[in-house]
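Descriptive structure summary
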Amino acid sequence: MAATHARPGRRPASASDQRTVMECRDLTVHFDTPNGRISAVNGISFDLQRGECLGIVGESGSGKSQTFLAILGLLASNGHASGSVKLHGEEILNVSRRRLDAIRGEKLAIVFQDSITGLTPHKRIGEQLSEVLTQHRGLGRGAARAKVLEMLELVRIPEAEKRYRMYPHEFSGGMRQRVMVAQALLCQPDVLIADEPTTALDVTVQAQILKLFKGLADHTNTALVMITHDLGVVAGLCDEVMVMYGGRVVEHAPVDELFYAPRHPYTRGLLACMPRADRDSEELTAIPGQPPDLEALPPGCAFAPRCPYAFGRCELERPILETAQPGHLKACHLEELP
Amino acid sequence: MFSFVSRRLAVALPTLLVVIAGSFFLMRAAPGGPFDADAQLEPEVIENLRAAYDLDKPVTEQFMLYMARLLRGDFGPSITYADYTVTELLAIGLPVSVKLGLTAIVVALLFGCLMGIISALNRNRWIDYVTMSIAMTGFAVPAFVVAPVLTLVFGLYLKLLPISGWNDGALQNMVLPVIALALPQIAILSRLTRGSMLEVMRQNYIRTARAKGLPEYKVVAGHALKAVSLPLVSYLGPAIAGIMTGSVIIEQIFGLPGMGRYFIQGALNRDYPLVMGTVIVYATAIILLNLLADVIYGYLDPRVRRE
Amino acid sequence: MGFLTQRRDRQLAAMQAAGRTVGRSLWQDATRRFLSNKVAVGSVIVLLLISVMAVFAPLLSPHTMEDFYWEYILVPPTLENGHWFGTDSNGRDMFVRTFYGARVSLTIGVMTTAVALVIGVTWGSVAGFFGGKIDNFMMRIVDVLYALPLLFFIIILVTVFGRNIYLVFIGIGAVEWLTMSRIVRGQTLSVKQKEYVEAARAIGLSNLVIVRRHVVPNIVGPVIVFVTLLIPTTILVESYLSFLGLGVQEPMTSWGTLISQGAANIDTGPWLLLIPGTFLAITLFCFNFIGDGLRDALDPEGR
């Protein structure tokens, strides 16, 4: 049973057949550069259920974004993906552009981090949004416009009528990000991927956008993937969390378990970095050392050079992702964290 | 938009004035005059001639007189072509140069953009290498080498096209001059288009457009093309200047009765009014076309328009 | 508290170390990248060959520039009588004339570029360094000049003041500095605002040291690239003028003059145009390839 290897298996296997929206197996991404091959993602597997919210946490370069760009067929031209990704049982990895176009924006939508460069600067917001509907639903101008205005109001954009005719540079950062979310939701996708949607925003605006996602996760059947480097974002929003390091999953667990009983030293390090109101700590801690060099990953555990508990075996043998307890996967040679 | 245009115009007029004053005083500053070559003329005849063209007066007064006439739309009489006024000569030359130049710029834009886009979309494939080699050749082989070679091949060897003459702008007379004139611009424009296209296609909003499920032609046409055209519009001014300077030489090579020929003849013979007339027309054209390029830019980029 | 300052100290030390090695290895890296670019290196070799020939060709040939061979008028290129590139309509040896023309064309290209370089760098760095109103004023002048048909001014200049070779390159140089000044100004402005310059100022380095250590190295790269691309432009402008009969005059000759004579004899002696034309094209090619190669080597991010 491959699925049990990949999934914590919180839900009964029989139900998963209808509830599972996406199955990703052994996804690998590499880039060919003049200096050699860079392995960005090394064999990632996970499932997504309807209405579930999965958090993907990791530093930049951990492969969290590239995983989903690969799934969407949006890798840079020197990037190559292998493995298998199924959407409702249908293979979507490395399929034809025509097939991808039918899926992207319709069943699979994404909200990117940078809304300043993520919207076409010389096209009115209204046009950019309504073309999603004309493309996938074949709506006429009037119908598309009505639907877009409805969606803009749903994401709480005031004066939607007026905004419809404006250009991206006339919007504030938070407003632009709402537009991006509205754009992604137009076709009520089965899976919505949010790639660090709040990183570029002010803290207060961040909270508003997260609230938007929260409402989405609670009230629709859309499966939400929240990619972030901020565990704080994950805490209030996600059901499950996958922690990535050096292009691999190092821990995968339900959100509460991950927070209260992390099984991987890296996760624990990340948790220690979180500023917390309930603990008056004098200093901000950081995980010492540098993220791994993806051109030359060590043969052992990629985190070993930075791991306070590393021992001989860690540098020689790469730990595989295994079940620590039902529903909780980890990739670490240590049975228990000290 | 209106204030945008009027602000540009406010810069354009002084520029034109600088051109007029600059070329006027430059020519008067040089030793010698238009009648030096006519050694057989009696001194008093020359004196009379000089007086007829106001050349006996102080330079500043000459300039005032010239400007006053210019404001009435009078470029004065030509010295070399004694029976013609400069206005009459321009009326002969201008249509030829405009037709030649406009055709060349349209051809250059058409082929340059097309080659650049095809090249960028097929980056690092053979078609990219072929188009870019052609562009590189057009870049390195100047028009005054291309033009004689073209006449040699198509005119003298293949006997397909006439090698000189205007013939009222008949198609077969236009082909070779237009190719020679457009080729360097095609080279630059195609490289510019390719670079701009590659740059734009790397942008995040292109990724967003693809993520929306738009087919590639809609991504390119709807989201890339406007941005791709911005550097091309910026280059339009220099391109027009290039076509104009090129046309001087091309008109010479193909014996076309355009402005360029009158300009060179005028300069060689110290025909002050003729040189002034041609330079003013060239400068006005360049300034106006630059203004047009600015307006197009403002139209394409909503951020500039508001500024 | 102690933790934070300690950390910052360590970071600063690391940054300084990095700055030193980066400073050195930037040029080493650029050299390595340039040398691995076969087209660019090949272009350098070809240009060197042409330059060497420009200097020594008259010594290799039994003929000289001004010898008229009345018995050999318009002889096509041949190996038999020593006229390897043929002769022109006056029976002069084209081999010697072509490389003599190379000498003049290349010299004018380099000298003119030097004129443009001096004016452009001075103008641009003054504007960029002082900024504000001065910058605004100086750059407005550049904008105005940019919009003018300056080649026409050169033509007027050389026709009214006589066709003097020095006038030609001062004229061209005085026109071609505009882009250079824009590049230098842009670089100066952007370097001035960089954090490391502020950091350098903060740790008390003098203006001169800042300029020498931070501003100059950042400007040199783009300027070198632009110079390599400006040389072919100026060679081209000189050829243009010479083609119209306004540049280099007999008995001197340049590629433009030769091409002009070739164009006049295109039906009877096409080699008169094709040989100097080919050399001109090859030279322009080489400079452009070297310029592209330098740009890629100095600015790897730009690709």
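Before reading further, recall that the structure is shown in the block above.
Here goes a summary of the coordinates provided.

Cut-offs used in this document
Residues numbered from 1 in each chain as written. Chains lettered and ligands numbered in written order. Predicted model: local features only at pLDDT ≥ 70, side-chain atom pairs only at ≥ 80, totals over all residues. Heavy atoms only, no water. Helix = DSSP H or I, 4+ residues; strand = E, 2+ residues; numbered from the N terminus. Buried < 20%, exposed > 50% of the residue type's maximum accessible area, 1.4 Å probe, protein only. Pairing = 2+ DSSP bridges. Contact = heavy atoms within 4.5 Å. Buried area = accessible area lost by both parts, 1.4 Å probe. Salt bridge = Lys/Arg side-chain N within 4 Å of Asp/Glu carboxyl O. Core = buried A, V, L, I, M, F, W, Y, C linked by side-chain atoms within 4.5 Å.

Quick notes on the overall build of chain B
Looking only at helices and strands, chain B has 12 helices and zero strands in total. The order of helices and strands in chain B, counted from the N terminus, is α-α-α-α-α-α-α-α-α-α-α-α. Its C-alpha atoms put chain B at 85 × 55 × 30 Å along the principal axes. Among the 307 residues that make up chain B, the fraction classed as buried is 50%.

As for the sheet that holds strand 5 (residues 90-91) of chain A
Residues and elements named next belong to chain A. Strand order across the open sheet formed by four strands is 2-1-4-5, with antiparallel pairing between neighbours. Pairing within the sheet leaves two strands with one partner each, and these edge strands are strand 2 (36-49) and strand 5. Bridge analysis of strand 1 (residues 20-33) against strand 2 gives 11 bridges, and the strand direction is antiparallel. If you follow T28 over to strand 2, its bridge partner there is N42.

Points about the interface of chain B and chain C
Contacts between chain B and chain C engage 45 residues on the former and 36 residues on the latter. Across the chain B/chain C interface, buried area totals approximately 3,400 Å², and carbon plus sulfur atoms make up 83% of it. If you sort the residues of chain B by the area they bury against chain C, L26(B), M136(B) and F144(B) come out on top, with a joint share of 16%. Linking chain B with chain C are one salt bridge, by the criterion used here.

A closer look at the nonpolar core
Counting residues in each nonpolar core, the largest one holds 153 residues, and the members touching the most others are F263(B) and Y240(C). Apart from the residues within four sequence positions on either side, F263(B) is in contact with V275(B), T278(B), V279(B), Y282(B), F152(C), I155(C) and I156(C). Core analysis: the second largest hydrophobic core is formed by 102 residues, A81(A), L231(A), V241(A) and F259(A) among them.

Let's talk about the pairing of strand 3 (residues 53-57) of chain A
Residues and elements named next belong to chain A. By the criterion of burial, strand 3 is predominantly enclosed, with five of the five residues buried. Both faces of strand 3 are covered, namely the face carrying C53, G55 and V57 and the face carrying L54 and I56. Pairing analysis gives five bridges linking strand 3 to strand 8 (residues 223-228), with the strands arranged parallel. Looking at strand 8, one finds that G55 is bridged to M226. Across four bridges, strand 3 lies against strand 9 (residues 240-245) in parallel orientation. What sits directly across from I56, in strand 9, is M242.

Let's talk about the pattern of salt bridges
Going through the model one piece at a time under the given rule, you end up with 23 salt bridges over all chains. Across the pair E106(A) and R137(A) runs a salt bridge whose closest N-O atoms are separated by 3.1 Å. Of the two residues, E106(A) sits in the loop between helix 4 (97-103) and strand 6 (108-111) while R137(A) sits in the loop between helix 6 (125-136) and helix 7 (141-154), which places them 31 residues apart along the sequence. Each of R97(A), D101(A), R104(A), R210(B) and E216(B) takes part in a single network of salt bridges with overlapping partners.

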